[in-house]
Amino acid sequence: MTITIAIVHTLEVRWVSNNGVRFQIQTSRLRSPSILSSYLKMSNETMDVPKTGFSFDLCRRNDMLAKKGLKSPSYLKTGTTIVGLIFENGVILGADTRATEGPIVADKNCEKIHYMAPNIYCCGAGTAADTEAVTDNISSQLKLHRYHTGRESRVVTALTLLKSHLFRYQGHVSAALVLGGVDVTGPHLHTIYPHGSTDTLPFATMGSGSLAAMAIFESEYREGLTRDEGVNLVTKAICSGIFNDLGSGSNVDVCVIEKGKKEYLRNHLTPNPRTYVSSRGYTFSKKAEVLLTKITPLKELVDVVQVGGDAMEE
Amino acid sequence: MVVESHETDGEFAGGGLGHTSRSPIVTPVFTDMVSSQTESGLLSSEGESQRTQYPYVTGTSVIGIKYKDGILMAADMGGSYGSTIRYKSVERLKQVGKHSLLGASGEISDFQEILRYLDELILHDNMWDDGNSLGPKEVHNYLTRMMYNRRNKFDPLWNSLVLGGVKNGHKYLGSVSMIGVHFEDNHVATGFGNHLARPILREEWKEDLSFEEGVKLLEKCMRNLLYRDRSAVNKLQIAKITEDGLTISQPYSLKTFWNFGAFQNPTVGAEGSCC
């Protein structure tokens, strides 16, 4: 298992292990051959897993388990409002920051605008793990492609990679994306649905708050908006989603992409601050009295020996 | 909210045309014309049975707002039969008595039934001949009781109603859904209007709008619905009710804009990669 083989196999094994051990690993970074071999042993489908296409074996296992009464683990869903629009010089993307797990808000301030390339960003709605994994995966593929071609990535490249990935998984990867960027051919904005269909649009919204945001866009969008008008319109649409949809909330993230530069405005607007904050701060309970302090460095007790060249990574 | 989506959302097995995917409990056993009364008798004799209904000819959203002099309401004139737009001249805004205006979305035949009940109500009220007349608040209450009681019998009138009116200077705008949920507000909408029109109304409605401003606001919402609701048609009526009386406009259509650059050439830069 030399290192060169490990690199070639990294992407493939990532794919397999995402497939085979879906709930446990969301994003995997496999580099060490020893970890590689242990995963190969864990997924006993390596022998007959098809090189392309989705292996539905585990779906049958999950159905059987569900019939026996096992509750499938609930997944973190980002009931969301994500939007994008094209303005005179480029693309503006916007998103809310609430991640829900059923009726509970799991993350009050998560990031839904994902990096794909220096000139391409992607907002994701649906299952958080799916959007994260799919955008990370395609982002790495784009980087390798950039090294290979020596050119800036194009938005249609990202679009084709994403749509083929999602189509291959037949809608089981529940990721609805708004992809936007500026490349040599100009500004582009696309929406990608979980089953793999795409649209090219001047303005787009996705997620549970998409109707509320679309109401704002349909009534107020026009071509040739300036940067400030565009940012204001995007903020207004996200706020409409935040205040009219229960699955969206907290703050507004905005990302402006123009030719040659981009601006990631994290928490551009925070319309939901904590109302009552104690001015005293948090007072800890009465401290226990310290009688004696003795520090023993562990190196004296345990001998750390390096075996071979394979130190534990991470 | 959950029930609202049944009406105008095309998802629900396309109206009456495809209910094979539904639970088979309600499929009528007899093929000849059985009135709903005997049908319930037959089914209830089989033990506990849930009676559901499927709306067949449906109207889409109605939007109502309060303005300076009274109430403004807008509704388009489409009647959809499942996923086809079958009727294009359905009047979904009707006068009720001297002081009220009723708009309905959902099953058209149930709306016509409701109008009959209201007709009888107003008739009896007039027969008292005592100078009093039922105002919008009273009619709203009557409708609520009627809808809720029908729902309790598992035989709902499949409508979402918007009732507005002015009596003695007092403006009233309320809504009743098919399960009897009722409330009063400055702006109401039914069906898809809840998702597409109410966000706009929440932003832009203010106290004491003039007539022109009110109409402009309603048209903005109706245009939105026209773009994004598949069962909407571009033929609408706007009704106005004030202390002086009621006027329902002639049907007219809205201007729409389809010439965005991205629509003309979606594959610029990568011809052939059409989505």
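Residues numbered from 1 in each chain as written. Chains lettered and ligands numbered in written order. Predicted model: local features only at pLDDT ≥ 70, side-chain atom pairs only at ≥ 80, totals over all residues. Heavy atoms only, no water.

Looking only at helices and strands, one finds 7 helices and 13 strands in chain A. A burial count over chain A gives 42% of its 314 residues as buried. Sequence-distant contacts, at least 24 apart, represent 63% of the contacts inside chain A between residues at least 6 apart. Just so you have it, chain A exposes about 18,200 Å², and 57% of that area is on carbon and sulfur atoms. (Helix = DSSP H or I, 4+ residues; strand = E, 2+ residues; numbered from the N terminus. Buried < 20%, exposed > 50% of the residue type's maximum accessible area, 1.4 Å probe, protein only. Contact = heavy atoms within 4.5 Å. Areas by Shrake-Rupley, 256 points an atom, 1.4 Å probe, with all protein chains shown as cover.)

The subject of this paragraph is helix α7 (residues 211-228) of chain B. An ideal rise of 1.5 Å per residue puts 26 Å on 18 residues; α7 of chain B measures up with 26 Å between its terminal C-alpha atoms. The set of residues buried in α7 of chain B consists of G214, V215, L217, L218, E219, K220, C221, M222, N224, L225, L226 and Y227 of chain B. Summarising the contacts, the buried residues of α7 of chain B are in contact with α6 (210-220) of chain A together with β2 (62-66), β3 (70-76), α5 (193-196), α6 (198-204) and β12 (236-242) of chain B. (Expected span 1.5 Å × (residues − 1).)

This brings us to the pairing of strand β2 (residues 82-87) of chain A. Residue and element names in this part refer to chain A. The buried fraction of β2 amounts to 6 of the 6 residues, a majority that puts the element mostly inside the structure. The two faces of β2 match: I82, G84 and I86 on one face and V83, L85 and F87 on the other face are all buried. Of the pairings in the sheet, the one linking β2 to strand β3 (residues 90-96) comprises 6 bridges and is antiparallel in character. Opposite L85, over in β3, you have I92 as the bridge partner. Where β2 hands over to β3, the hairpin turn is made up of 2 residues, counted between the paired strands. Direction of pairing for β2 relative to strand β11 (residues 203-206): antiparallel, over a ladder of 4 bridges. Its bridge partner lying in β11, G84 is registered against A204. (Pairing = 2+ DSSP bridges.)

Attention now goes to the pattern of salt bridges. On inspection of all chains with the given rule, the structure shows 18 salt bridges over all chains. The residue K236 of chain A makes a salt bridge to E220 of chain A at a minimum N-O spacing of 2.7 Å. Placement of the pair is K236 of chain A in helix α7 (residues 227-244) and E220 of chain A in helix α6, with a sequence separation of 16 residues. As a salt-bridge pair, E220 of chain A and K220 of chain B come within 3.9 Å of each other at their nearest N and O atoms. In this pair, E220 of chain A sits in helix α6 while K220 of chain B sits in helix α7, so the two residues belong to two different chains. Connected through shared salt-bridge partners, E220 and K236 of chain A together with E204 and K220 of chain B make up one network. (Salt bridge = Lys/Arg side-chain N within 4 Å of Asp/Glu carboxyl O.)

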